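Notes for the structure review
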Amino acid sequence: MFGFGMPELIVILVIVLVVFGAGRLPEIGGALGKSIRNFKRASDGKDEIVINPKKDDDPKKEG
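Attention here is on the structure that accompanies the text. Given the structure is predicted, the values throughout are model-derived calculations rather than measurements.

What counts as what
- Residues numbered from 1 in each chain as written.
- Predicted model: local features only at pLDDT ≥ 70, side-chain atom pairs only at ≥ 80, totals over all residues.
- Heavy atoms only, no water.
- Helix = DSSP H or I, 4+ residues; strand = E, 2+ residues; numbered from the N terminus.
- Buried < 20%, exposed > 50% of the residue type's maximum accessible area, 1.4 Å probe, protein only.
- Expected span 1.5 Å × (residues − 1).
- Salt bridge = Lys/Arg side-chain N within 4 Å of Asp/Glu carboxyl O.

Scanning the protein chain from terminus to terminus reveals three helices and zero strands. Tracing the protein chain from N to C terminus, the helices and strands come up as α-α-α. Taken across its 63 residues, the protein chain has 0% of its residues classed as buried.

Glancing now at helix α1 (residues 6-20). Taking 1.5 Å as the rise per residue, α1 with 15 residues should run 21 Å; its terminal C-alpha atoms sit 21 Å apart, in good agreement. Immediately downstream of α1, the backbone of G21 shows phi near 90°, a positive value.

In the structure shown here, the tally under the stated rule is one salt bridge. Notably, a salt bridge pairs R24 with E27, separated by 3.7 Å at the nearest N-O pair. Overall, R24 belongs to the partly exposed group, its relative accessible area being 47%.

Okay, structure coming up:
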């Protein structure tokens, strides 16, 4: 895992805990998870946005 061992990961976790605090750590984890999920969806190439053109000449609305 990028050359990080267990002691290095523990030091990084302690630093993150000190900087952000224990209360915000779940929020940061959730935001990171959502970011990774959205990145994976975007990299799949599937567009979820459907654009339907607006029809101005709709006969139902004219009468």
